[in-house]
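# Structural overview for review
Listed below are the residues making up each chain.
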Amino acid sequence: MTVTLEVDEGVGTLRLERPPMNALDSATQDRLKALAEEVSRRPDVRAVVVWGGEKVFAAGADIKEMQAMSYQDMVDRSGDLQDAFTAVARIPKPVVAAVTGYALGGGCELALCADFRIAAENAKLGQPEILLGLIPGAGGTQRLSRLIGPSRAKDLIFTGRMVAADEALTLGLVDRVVPPGEVYAQAHAWAARLARGPAYALRAAKEAVDAGLDAGLDTGLAIERTLFAGLFATEDRETGMRSFVEEGPGKAKFA
């Protein structure tokens, strides 16, 4: 399998396994979409880690496969390509990318689909598609500009340059930089902490932020208001408030 799923402590790890560089060919994209949809449905998965292994996250698309494709081939395939990444972005649970080594092109776009990115000190990120006479096609022009701002995104997309972990942190492209041997452990710990939280509230929080980014402030506030009120129908809300009143803040144990 090019992508595998392992569940531990409520955390589902989606691991890319297509050595040597985890090139994201069509089969890998399809497998990624299927597993993203699976973890979205499974109640025993409450948070997700996307990981490429100890050496590399994903060095991009399979260029040899793409070189053989015609315009019509890519017209037919491009929707499936974006759908695979969107399936990861729409997982209704916290998602963290554990980035080691290269995260380039499609690999960087996959990391952008996570809610949080932990990178190794040796990580290299970028959108080098321009060097192939292309532009990012799996969400890079959209998600990167929303994350780090349009001018910084254009710098990376126009030049195709790679950025090291420290610059990626400064740009806001990653959220934490750690030694390579600690990347997965820290990503899993982050996910495990949230896996113990209130699942419906976390889902609502993610939906409110993501949907609000694509709307005006008034629409975003309406989305927030609706989701906020809806949580009053959940057991998690009852558990959290009862625990707060009886035991004080931060002691609730959610099912």
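Everything in this summary refers to the structure shown in the same document.

So, how was this worked out
- Residue numbers here run from 1 along each chain, matching the order of that chain's written sequence.
- Only residues with pLDDT of at least 70 are given local features in this predicted model, and only at 80 or more are side-chain atom pairs given and counted; all residues enter the totals for whole chains, interfaces and linings.
- Remark: hydrogens and water are excluded; side-chain values derive from all non-hydrogen atoms of the structure.
- Count a disulfide wherever a pair of cysteine sulfur atoms falls within 2.5 Å.
- Each residue gets one of three labels from its accessible area relative to the maximum for its type: buried under 20%, exposed over 50%, partly exposed in between, using a 1.4 Å probe on protein chains only.
- Any two strands with at least two DSSP-identified bridges between them are counted as paired.
- Each helix is a run of H or I in the DSSP string that is no shorter than four residues. Each strand is a run of E no shorter than two, and both are numbered from the N terminus.
- Only the contacting stretch of a helix is used when fitting its axis, a line to C-alpha atoms as for every element, and angles between N-to-C directions run 0 to 180 degrees.
- Residues with no salt bridge and a relative accessible area higher than 30% make up the patches, which join like charges within 9 Å and nonpolar side chains (Val, Leu, Ile, Met, Phe, Trp, Tyr) within 5 Å.
- Surface accessibility follows the Shrake-Rupley procedure with a 1.4 Å probe radius. Residue values consider only the protein chains on display as shielding.
- Salt bridges are defined as contacts in which a side-chain nitrogen from Lys or Arg sits within 4 Å of a carboxyl oxygen from Asp or Glu.

## Some remarks on the state of the cysteines
- Per the counting criterion, the structure on display carries zero disulfides.
- Counting only cysteine sulfurs, C113 is the nearest neighbor of C108, a cysteine outside any disulfide, at a range of 10.0 Å.
- Classification of C108 as buried rests on a relative accessible area of 1%.
- C113 sits in the buried class, given a relative accessible area of 3%.

## Here's the deal with the sheet that holds strand β9 (residues 176-178)
- Read across the open sheet, the six strands follow the order β1-β2-β3-β4-β6-β9; overall the sheet is mixed. Each having just a single partner strand, β1 (3-8) and β9 make up the two edges of the open sheet. Ignoring which end each strand starts from, the neighbouring axes of this sheet average 20° apart.
- With three bridges joining them, strand β6 (residues 116-120) and β9 adopt parallel strand pairing. Its bridge partner lying in β9, A119 is registered against V177.

## Some remarks on a nonpolar patch on the surface
- Where nonpolar side chains cluster on the molecular surface, the patch consists of M21, Y102 and M162 and spans about 260 Å² of accessible area.
- Inspection of the secondary structure assignment puts M162 in strand β8 (residues 162-164).

## Focus on the pattern of salt bridges
- The final tally for this structure, using the stated rule, is 11 salt bridges.
- Note that R42 is salt-bridged to E38, the shortest N-O span being 2.9 Å.
- Take R42: its relative accessible area is 26%, and that puts it in the partly exposed class.
- As a salt-bridge pair, D115 and K206 come within 3.0 Å of each other at their nearest N and O atoms. Linking D115 in the loop between α4 (106-112) and β6 with K206 in helix α9 (residues 199-213), this pair joins segments that are 91 residues apart in sequence.
- A single salt-bridge network, built from bridges that share partners, covers R18, D25 and D62.

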